[in-house]
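The lines below spell out each chain.
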Amino acid sequence: MNKHPNALAGIIALVVFCGIFLQFVIMVQAPTSNSVFVRIIQFFSYFTILSNLLVLTYFTSRSLSTDFIENAFWKRAETSTAVTVYISIVGIVYHLVLSNIYHPQGLARVADHILHTFTPTVTVLYWYVFVSSKKVNYSSIPYWLIYPCLYFVYTIIHGSITQFYPYPFLDVDKIGLLQSFLNCLVVLVIFAFLSLLLSFIANWRFKKNNKLYDQRSKNC
């Protein structure tokens, strides 16, 4: 049973890697006045890229895992759920807010769809099929919010120094610090809500499966 999800995780990891690499090449070769070093820093300043790198690491680890490391960090239900939340936010924010103002063409469009549509969709589906019936500790949710919080802090500080803001709803120069801060709070609330929702679904399915198992055991 483990070989099938492991192989699937490997295929997903390969596609995600191709999307990240393609986007990296496109951004580094973009005709701008910025140096290659600056463009590389800007590339890794996108929450989309960082979250896709997390997904890549997650699925690569899952594809190489065995029964002997069932409790390893990347196989924990909490880790899987957190990664699913992160990349889900990428897809939600992009399609609700950013897709109307960004229209890539050619290979950039391919990379765009991989990073913002393919990765969130397959991650959620993988989580539901292979992870969502496992127990998730609600106490871990506050720790999941550390990553987006640190990202927002980095983005504001880095932007104040370089005037580069990867997303318009965080652009302090255009919308002001207060509005940027409020936008961060809204996104964090969505993070918290989605974390609670997925954790609830996982725990509900976990309890339901346990009840079915107990009933079958009694009948036997």
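What you are looking at is a predicted structure, and each value in this text was computed from that prediction instead of being measured.

Quick word on the overall build of the protein chain
Part 1 of the reasoning: Regarding its fold elements, the protein chain presents nine helices and zero strands.
Part 2 of the reasoning: Traced from its N-terminal end to its C-terminal end, the protein chain shows the element sequence α-α-α-α-α-α-α-α-α.
Part 3 of the reasoning: Here the C-alpha coordinates of the protein chain stretch approximately 70 × 35 × 30 Å along the principal axes.
Part 4 of the reasoning: Counting across all 220 residues of the protein chain, residues that qualify as buried make up 42%.
Part 5 of the reasoning: Summarising the internal contacts of the protein chain: among those between residues at least 6 apart in sequence, 72% fall at separations of at least 24.
Part 6 of the reasoning: Accessible surface, the protein chain: about 12,600 Å² in total, of which carbon and sulfur atoms supply 70%.
Part 7 of the reasoning: The protein chain carries 15 positive and 7 negative side-chain charges, and their two centres are separated by 10 Å.

Some details on the packing of helix α4 (residues 77–98) against helix α5 (residues 107–130)
A pair of packed helices can be characterised by two numbers: the angle between their axes and the separation between those axes.
Part 1 of the reasoning: Where α4 meets α5, the axes come as close as 9 Å, and the angle between the chain directions of the two elements is 140°. With respect to their mutual orientation, α4 and α5 come out oblique. In this structure, α4 crosses over α5, and the sense of that crossing is left-handed. Here α4 contributes Ser80, Thr81, Thr84, Ile87, Ser88, Val90, Gly91, Tyr94 and His95 to the contact with α5, which in turn contributes Asp112, Leu115, His116, Thr117, Thr119, Pro120, Thr123, Val124 and Trp127.

Describing the side chain of Ser199
Part 1 of the reasoning: With respect to the helices and strands, Ser199 occurs in helix α9 (residues 177–219).
Part 2 of the reasoning: Residue classification places Ser199 among the buried positions, given a relative accessible area of 0%.
Part 3 of the reasoning: Residues contacting Ser199, with those up to four places away along its chain left out, are Thr81, Val136, Tyr138, Ile141 and Trp144.

A word on the layout of surface pockets
Part 1 of the reasoning: Taken as a whole, the largest pocket spans an internal volume of roughly 720 Å³.
Part 2 of the reasoning: Around the largest pocket, the lining is made up of 34 residues, and of these Tyr46, Tyr102, His116, Pro166 and Tyr167 lie nearest the centre.
Part 3 of the reasoning: Going through the elements one at a time, α1 (3–28), α2 (36–43), α3 (47–64), α4, α5, α7 (146–162) and α9 are the ones with two or more residues in the lining of the largest pocket.
Part 4 of the reasoning: The biggest single contributor to the lining of the largest pocket is α4, with five residues.
Part 5 of the reasoning: Per-class residue counts for the lining of the largest pocket are 26 nonpolar, six polar and two charged.
Part 6 of the reasoning: Looking at the second largest pocket, its volume works out to about 220 Å³.
Part 7 of the reasoning: Lining the second largest pocket, in full, are Leu54, Phe73, Trp74, Arg76, Glu78, Thr79, Ala82, Val83, Tyr86, Tyr143, Trp144 and Tyr147.

With respect to the packing of α3 against α4
Part 1 of the reasoning: At a minimum axis separation of 9 Å, α3 and α4 run at an interaxial angle of 145°. Two packed elements cross with a definite hand, and for α3 against α4 that hand is left-handed. Seen from α3, the contacting residues are Phe47, Thr48, Ser51, Asn52, Leu54, Val55, Tyr58 and Arg62; seen from α4, they are Ser80, Val83, Tyr86, Ile87 and Val90.
Part 2 of the reasoning: A class-by-class count of the residues in the contact of α3 with α4 yields eight nonpolar, four polar and one charged.

A word on the nonpolar core
Part 1 of the reasoning: With 45 residues, the main nonpolar core has Phe47, Phe59, Phe152, Tyr167, Phe169, Leu170 and Phe191 as its most contacted residues.
Part 2 of the reasoning: Where this core is concerned, the elements lending two or more residues are α1, α3, α4, α5, α6 (141–144), α7 and α9.
Part 3 of the reasoning: No other element matches α4, which puts 11 residues into this core.
Part 4 of the reasoning: In contact with Phe191, not counting residues within four places along its chain, are Phe47, Val85, Tyr86, Ile89, Leu145 and Pro148.

Structural notes on the environment of Trp74
Part 1 of the reasoning: Turning to its location among the elements, Trp74 is positioned in the loop between α3 and α4.
Part 2 of the reasoning: Residues Trp74 and Tyr128 lie 54 residues apart in sequence; the distance between their C-alpha atoms is 16 Å.
Part 3 of the reasoning: Excluding residues that lie within four positions of it along the chain, Trp74 makes contacts with Leu54, Thr57, Tyr58, Ser61, Arg62, Thr79, Ser80 and Val83.

Cut-offs used in this document
Residues numbered from 1 in each chain as written. Predicted model: local features only at pLDDT ≥ 70, side-chain atom pairs only at ≥ 80, totals over all residues. Heavy atoms only, no water. Helix = DSSP H or I, 4+ residues; strand = E, 2+ residues; numbered from the N terminus. Buried < 20%, exposed > 50% of the residue type's maximum accessible area, 1.4 Å probe, protein only. Contact = heavy atoms within 4.5 Å. Areas by Shrake-Rupley, 256 points an atom, 1.4 Å probe, with all protein chains shown as cover. Lys, Arg positive; Asp, Glu negative; His and termini not counted. Charge placed at Lys NZ, Arg CZ, Asp CG, Glu CD. Axes fitted to C-alpha atoms, helices over the stretch in contact; angles between N-to-C directions. Parallel < 35°, antiparallel > 145°, perpendicular 65-115°, else oblique. Left-handed = near helix turned anticlockwise from the far one by under 90°. 1 Å grid on protein atoms, 1.4 Å probe; cavity = no way out; pocket = protein on both sides within 12 Å on 5 of 7 lines; lining within 4 Å. Points joined across faces, edges and corners; volume = space filled by probe spheres on them. Nonpolar A, V, L, I, M, F, W, Y, C, P; charged D, E, K, R; others polar. Core = buried A, V, L, I, M, F, W, Y, C linked by side-chain atoms within 4.5 Å.

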